[in-house]
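Here is how the chains run, residue by residue.
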Amino acid sequence: MEKLNIICVDDQREVLSAVLKDLSPLNDFFHVEDCESADEALELMDELDAEGEFIALVISDHVMPGKTGVELLTEISQDSRFHKTKKVLLTGQATHQDTIAAINRARIESYFEKPWKAESLLTTARSLITEYIFDMGMDYQPWMEILDNGVVFRRLS
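Every chain's residues receive numbers from 1 upward, in the order its sequence appears when written. Totals for whole chains, interfaces and linings use every residue, but because this is a predicted model, local features are given only for residues with pLDDT of at least 70 and side-chain atom pairs only at 80 or more, for both listing and counting. Remark: hydrogens and water are excluded; side-chain values derive from all non-hydrogen atoms of the structure.

Draft legend 1. Spatial organisation of unusual backbone geometry. Cis rather than trans, the peptide bond between Lys114 and Pro115 has omega equal to -5°. Secondary structure elements follow DSSP: runs of H or I of four or more residues count as helices, runs of E of two or more count as strands, with numbering from the N terminus. The residue Pro115 is located in the loop between strand 5 (110–113) and helix 5 (118–135) in this model. Unlike most non-glycine residues, Arg107 shows phi in positive territory, near 55°. Along the chain, Arg107 falls in the loop between helix 4 (96–104) and strand 5.

Now the structure itself:
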C-alpha cells in the first residue's frame, strides 16, 4: 500500500495543534505531518517524494513569515510532482485579492476562515484525499473505512 501524507502548515503552534487534533481520526490511515513554515513544508515534500511517498493534501495558513500560504500553494501547484496534490487555505487574514490569487494561481480546492468548524475540516480532508486516491489511480480499498463514500460512489459510477 502506498504511503499517503497530509501536510499541515502554520507558523502558530497552537493553531497547528488544533488542526492536527481535528484531523486525528485520519492518523490510523495516513501520515499527518506538521510544518511551521512554507520552506519547511517544501523541504519535507522533497524528502517524502524522494522516498517514493505521496502527498495527498496540504493545508496551509496564509499569513506566515517568509512565504505566504498562497505562495506556498502556488509553488506546489506548479511542481509537476505534486500536480494532483489537493490544497486547502486556512486563514483569518486573507484579503479578497489573496483569496482570488489562491483560487487562480494556487488552484486551491477549499478555503476555510479561522475559526473553522472541526467537522467541516475533517469532512473536506476526507473528500479531498478520496479524490486524490482516484486521481492517482490507486487502489482505494485499503482506505475504504475512512474514505468519503459519496466520492467513491461518484467515481465508480
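Draft legend 2. Quick look at the pattern of salt bridges. One side-chain nitrogen of Lys or Arg within 4 Å of one carboxyl oxygen of Asp or Glu is enough to make a salt bridge. Summed over the entire model, instances satisfying the criterion amount to 13 salt bridges. Among the salt bridges present, the one from Glu75 reaches Lys67, with a minimum N-O distance of 3.3 Å. Residue classification places Lys67 among the partly exposed positions, given a relative accessible area of 25%. In this structure, the salt-bridge partner of Arg81 is Asp79, at a minimum N-O distance of 2.7 Å. Through salt bridges with shared partners, a single ionic network connects Lys86, Glu131, Asp135, Arg154 and Arg155. Using a 1.4 Å probe on the protein chains alone, a residue whose accessible area is under 20% of its type maximum counts as buried, one over 50% counts as exposed, and one in between counts as partly exposed.

Draft legend 3. Region of the structure containing the pairing of strand 5. Judged by which residues are buried, strand 5 turns out to be one-sided: Ser110 and Phe112 face inward and are buried, whereas Tyr111 and Glu113, on the alternate face, are not. In the sheet, strand 4 (residues 86–91) pairs with strand 5 via 4 bridges, with the strands oriented parallel. Counted as the bridge partner of Thr91 is Glu113 from strand 5. For two strands to be treated as a pair, DSSP must find at least two bridges joining them.

Draft legend 4. Representation of the sheet that holds strand 2 (residues 31–35) within the structure. The strand order 2-1-3-4-5 describes an open sheet built from 5 strands, whose pairing is parallel. Of all strands in the sheet, those bounded by a partner on one side alone are strand 2 and strand 5. Within the sheet, the average angular offset between the axes of one strand and its neighbour, ignoring direction, is 20°. Only heavy atoms enter the contact rule, under which two residues are in contact if any of them lie within 4.5 Å. Note on definitions: angles span 0 to 180 degrees between N-to-C directions of axes, and those axes are lines fitted to C-alpha atoms, for helices only across the stretch in contact. Each of strand 1 (4–9), strand 2 and strand 4 is contacted by helix 1 (residues 13–22), which is oriented at about 170° to strand 2, the strand it contacts most. Along the sheet, helix 2 (residues 38–50) makes contact with strand 1, strand 2 and strand 3 (54–61), crossing strand 1 at roughly 170°.

Draft legend 5. Molecular detail of the packing of aromatic side chains. By convention, a stacked pair of Phe, Tyr or Trp rings (six-membered ring in the case of Trp) has centres within 6.5 Å and planes under 30 degrees apart, an edge-to-face pair has planes over 60 apart, and any other such pair is tilted. Taken as a whole and assessed by the stated rule, the structure comprises 3 aromatic pairs. Pairing Phe29 with Phe30 gives two aromatic rings, centres 6.5 Å apart and planes at 50°, and the pair type is tilted. For Phe30, a relative accessible area of 4% translates into the label buried. Considering the side-chain rings of Phe30 and Trp143, the 6.3 Å spacing of their centres and the 25° angle between planes classify their relative orientation as stacked.

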